[in-house]
Amino acid sequence: MIQEKYKKLQDILVKMETVVVAFSGGVDSTFLLKVAIDTLGYDNVLAITADSETYPSSELEEAIMLSKWIGASHRVIQTSELAIPGYTENNQNRCYFCKSSLFDHLLPILEDYEFNNIIYGVIADDANEFRPGMKAAKEKGIRGPLQEANLFKEEIRVLSKEGGLPTWDKPSFACLSSRIAYGEIITKEKLTKVDKSEAYLKSLDIHQVRVRTHEDTARIEVDPADMPLVLEYHVLITKRLKQFGYKYVSLDLTGYTSGSMNLALKKEEMV
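Residues numbered from 1 in each chain as written. Predicted model: local features only at pLDDT ≥ 70, side-chain atom pairs only at ≥ 80, totals over all residues. Heavy atoms only, no water.

Per an unreviewed UniProt entry, the protein goes by the name ATP-dependent sacrificial sulfur transferase LarE and belongs to Peribacillus butanolivorans.

Caption draft 1: Expanded view of the packing of aromatic side chains. Counting across every chain of the model gives five aromatic pairs. A centroid spacing of 5.9 Å and a plane angle of 70° characterise the contact between Tyr96 and Phe97, whose relative ring orientation is edge-to-face. The cationic tip of Lys161 hangs over the ring face of Trp168; the distance from NZ or CZ to the ring centre is 4.4 Å. The ring of Tyr246 has Lys193 lying over it, and the distance from NZ or CZ to the ring centre is 4.3 Å. (Phe/Tyr/Trp six-rings, centres within 6.5 Å; stacked < 30°, edge-to-face > 60°. Lys NZ or Arg CZ within 6 Å of the ring centre and 35° of its normal.)

Caption draft 2: Region of interest: the environment of Ile48. Within the secondary structure layout, Ile48 lies in strand S2 (residues 45–51). What makes Ile48 buried here is its relative accessible area of 3%. Here the alpha-carbon distance between Ile48 and Leu263, two residues 215 residues apart in the chain, equals 32 Å. (Helix = DSSP H or I, 4+ residues; strand = E, 2+ residues; numbered from the N terminus. Buried < 20%, exposed > 50% of the residue type's maximum accessible area, 1.4 Å probe, protein only.)

Caption draft 3: Up close: the sheet that holds strand S6 (residues 217–222). One open sheet holds the three strands; their spatial order is S5-S6-S7, and the pairing between them is mixed. The sheet is open, and its two edges are formed by strand S5 (209–214) and strand S7 (248–251), each paired on a single side. Neighbour to neighbour, the strand axes of the sheet diverge by 25° on average, direction disregarded. Inspection of the sheet shows S5 paired to S6 by six bridges, in the antiparallel sense. Each bridged residue has a counterpart across the sheet, and for Thr213 the counterpart in S6 is Ala218. Running over the sheet, helix H8 (residues 188–203) touches S5 and S6 and is turned about 145° from S5. (Pairing = 2+ DSSP bridges. Axes fitted to C-alpha atoms, helices over the stretch in contact; angles between N-to-C directions. Contact = heavy atoms within 4.5 Å.)

Caption draft 4: Examining the nonpolar core more closely. Ranked by size, the top nonpolar core spans 32 residues in total, and within it Leu9, Phe31 and Leu33 carry the most contacts. At the level of secondary structure, the elements contributing two or more residues to this core comprise helix H1 (2–16), strand S1 (19–22), helix H2 (27–40), S2, helix H3 (57–70) and helix H7 (153–162). For this core, the element with the highest residue contribution is H2, accounting for eight residues. When residues no more than four places from it in sequence are discounted, the contact partners of Leu9 are Phe31, Leu32, Val35, Pro145, Leu146, Ala149 and Leu151. Among the nonpolar cores identified, the runner-up in size contains 22 residues, and Leu176, Leu201, Val222 and Ile237 belong to it. (Core = buried A, V, L, I, M, F, W, Y, C linked by side-chain atoms within 4.5 Å.)

Caption draft 5: How the structure looks around the pairing of S1. Alternating residues of S1 divide into Val19 and Val21 and Val20 and Ala22, and every residue in both groups is buried. Relative to S2, S1 is paired through four bridges, and the arrangement is parallel. Within the sheet, the bridge partner assigned to Ala22 lies in S2 and is Ile48. Bridging between S1 and strand S4 (residues 117–119) involves three bridges; their strand directions are parallel. Across the sheet, the residue bridging to Val20 is Ile118, located in S4.

In structure tokens, the structure reads:
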């Protein structure tokens with residue numbers, strides 16, 4: 001079954017002929033870029049990474065390294081989500097504004113290179129989650145080959161491992177704004193606070209981590225297996241996160257949950 005999906009992905013890419021890949025360096029976009037290069041060849045694929053306030057510098061460095069490792073033509077462009085009208089208000093459509101702006105930056109590049117399609121790393125799992133960015137992609141004609149091939153995250157990890165990609169077991173990543181509770185104004189200072197806090201926790205060998213921000217409270221999400229490590233270092237963690245600007249530091253006993261901020265939204269808001 002998984003090999004059939006992989007073949008379908010290749011068939012989709014072959015029909016596209018030339019693609020611009022929105023490349024974050026995460027599990028999904030890295031796999032998509034590698035398959036695109038293997039299927040279409042170097043000259044028919046261009047990877048674009050958008051560097052902004054919501055994108056950690058460590059992720060940018062890794063994206064550059066991965067694109068070289070894959071052998072892809074790669075460009076880094078500068079964007080600013082904080083300058084997008086409606087974005088900093090941080091309502092349920094924040095991701096729509098973000099993706100819409102990103103694709104607006106990519107469309108002129110598509111025209112300059114005379115390529116046929118812009119593609120991004122949306123996957124089959126995302127169809128069952130609240131993803132406003134998918135609406136922006138549909139409006140602008142942006143394709144999601146992984147989702148079209150019905151590939152799920154765990155299948156992508158398996159195929160990535162088989163293909164020797166170092167990202168096969170990389171923790172899931174989302175922009176830093178997703179850490180800030182809906183309704184709170186997004187600022188560069190808050191994003192920096194989150195970035196520093198998560199980087200510190202990762203330095204303690206914690207694999208998957210989110211520092212959800214509720215005003216001056218940090219709600220730490222980690223996998224249950226890493227909770228003992230958080231408790232072991234709780235004094236140091238509390239001290240460091242308070243230095244970064246939090247007044248209160250807590251551990252969420254539910255553990256890491258993708259899109260946990262969406263739990264605060266009403267059902268009618270998730271459309």
